[in-house]
Amino acid sequence: MEEVIKSLMTQISSPASHSRNKLTVVGAGQVGMACAFACLTQRVADEIALVDIFADKVQGETLDLQHGIAFMPRVKIFGGSDYSMTKDSKVCIISAGARQQVGESRLDLLAKNFEIFKKIIPEIVKYSPDVIILVVSNPVDILSYVTWKLSGLPHHRVIGSGTNLDTARFKQLISLKFGINIQSVDMWILGEHGDSSVPVYSSLRVGDVALAGNKTDFENLKIWEEIHKTVVRSAYEIIHLKGYTSWAIGLSCSDICKSIFHNTNDLHALSTLAKGLYDINDEVYISLPCVLGQNGITHVINLPLTENEKSALQETAKKMFKLQRDLRI
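If you're wondering where the values come from, they're calculated on a predicted model, not measured in any experiment.

Quick question: what am I supposed to make of helix 4 (residues 110-127) here?
Count 3.6 residues to each turn of an α-helix, and residues three or four apart come out pointing the same way. Between its first and last C-alpha, helix 4 extends 26 Å over 18 residues, near the 26 Å set by a 1.5 Å rise per residue. Along its length, helix 4 shows its largest kink, about 35°, at phenylalanine 117. Those residues of helix 4 that sit buried are Leu110, Asn113, Phe114, Phe117, Ile120, Ile121, Ile124 and Val125.

Take a look at the structure:
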C-alpha cells in the first residue's frame, strides 16, 4: 500500500524537517495537558511536543491526542522523555514540578520545583536557543526568575503566566455579579500570582465607564475587596474540590501563546522582570501589564496607579525578592 501511495506522488522538494510554529509542553500532568489541549483546539501551533519523565504517561497522552487529529487538521503531535524532540521550538510551556497540595501555598512548592527546574531548563535551551519560555509551575513568579537565570536568555523571552488568570477570574466575577458581558469588563490584577496579588481597582471599567469615581472612597468599598478575596481563594477552593486546577490555566496559557505565535501584540498580565519599573529597584519577577508578540514581551504599560496600589505592588516585589534571595542562584 505504501508503494502505491508513493507512486501517486511526484516529489518536487524535500519536506521541512520541522514546523516554524512548534510548541513544546514540559510536564504531561493535568495542567500541562490542559495547556496542550487548549492550544490544540484553538489551533495555536502547527506542531506540539509533549515531554515528561514518566514515559508511559506521556506516551498514553500523546496517543490519545493523536487519535483526535482527524478532527483538528494540520497539527502534528508527538511525545516522549527525550528533550531532543523539542528541537527548534518557538515556545516552551513549563508546567512540570510538584503539584500544589490541599492546604499548601504556592510558595511552599519553591524548594521542590527549584531542583526540578535545574534539570529542565538547560535541556530546553540546548535544543531551542531561540525559544520563548512560558513558566506555569508554581510559585510562578520566582520560578520565572529562576528560569531566566538558569537559561541565560534575555528577560523578554522568559515570562510567567502570572496574574493573567487572576485578572480573568476577577472579570468573570464582576460579569456574574452585575450581569455584564465579560468582554466589556476591564481590570488588572498585578504583582504576585498568589496571596499578595494587587488588584488595581482604579483600572476597573465597564465599557468606557470608569467605576473608580472618587478614588479615596472607591478603595474603601468592601464589595471589590470581597471579590478580590474570592479570586485569591479560588485556586485553593478548586484544589480542595477536585485536587488540582487545570482548565482555566490551560485556556489562559493558550491565549498567551496565541499572542506569540500570531504576533497579535495583545496585552496580558504576565510575570516579567520588574526592576526599574514602577519604582521597583530589586531584580525580581512579578506580573505587570505587558504587550506580547512573536519576539516575547515588547513593552510594559505604565498604569497610573494610586499611591496605595503602587505601594502594594512594591511590597509584593519585596516579598518575592526576599524569598528568591534564599535560593542563592
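Having put the structure on the table, let's press on.
How do you make sense of the sheet that holds strand 9 (residues 209-210) when you look at a structure like this?
Either a parallel or an antiparallel arrangement is found when strands of a sheet pair, and the pairing is made through backbone hydrogen bonds. Ordered in space as 7-8-9, the three strands form an open sheet in which the pairing is antiparallel. The sheet terminates laterally at strand 7 (185-190) and strand 9, the two strands that pair on one side only. Inspection of the sheet shows strand 7 paired to strand 8 (residues 198-206) by five bridges, in the antiparallel sense. Along strand 8, the bridge assignment pairs isoleucine 189 with proline 199. Across the sheet, helix 6 (residues 164-178) is in contact with strand 7 and strand 8; its angle to strand 7 comes to roughly 140°.

Which parts of the structure should I look at to understand the UniProt feature "binding site: NAD(+)" (unreviewed entry) in the protein?
With numbering matched to this structure, UniProt assigns "binding site: NAD(+)" (unreviewed entry) to Gly27, Ala28, Gly29, Gln30, Val31, Gly32, Asp52, Asn113, Val136, Ser137 and Asn138. Of the annotated set, the members that line the largest pocket are Gly27, Ala28, Gly29, Gln30, Val31, Gly32, Asp52, Asn113, Val136, Ser137 and Asn138. Here glycine 32 lies in helix 2 (residues 30-41). Exposure remark for glycine 32: the relative accessible area of 1% places this residue in the buried category. In this structure, valine 136 sits in the loop between strand 5 (132-135) and helix 5 (140-151).

Procedures and definitions
- Residues numbered from 1 in each chain as written.
- Predicted model: local features only at pLDDT ≥ 70, side-chain atom pairs only at ≥ 80, totals over all residues.
- Heavy atoms only, no water.
- Helix = DSSP H or I, 4+ residues; strand = E, 2+ residues; numbered from the N terminus.
- Expected span 1.5 Å × (residues − 1).
- Bend = angle between axes of the 7 residues up to and from the residue.
- Buried < 20%, exposed > 50% of the residue type's maximum accessible area, 1.4 Å probe, protein only.
- Pairing = 2+ DSSP bridges.
- Contact = heavy atoms within 4.5 Å.
- Axes fitted to C-alpha atoms, helices over the stretch in contact; angles between N-to-C directions.
- UniProt positions renumbered as here; feature names shortened; annotations may be inferred.
- 1 Å grid on protein atoms, 1.4 Å probe; cavity = no way out; pocket = protein on both sides within 12 Å on 5 of 7 lines; lining within 4 Å.

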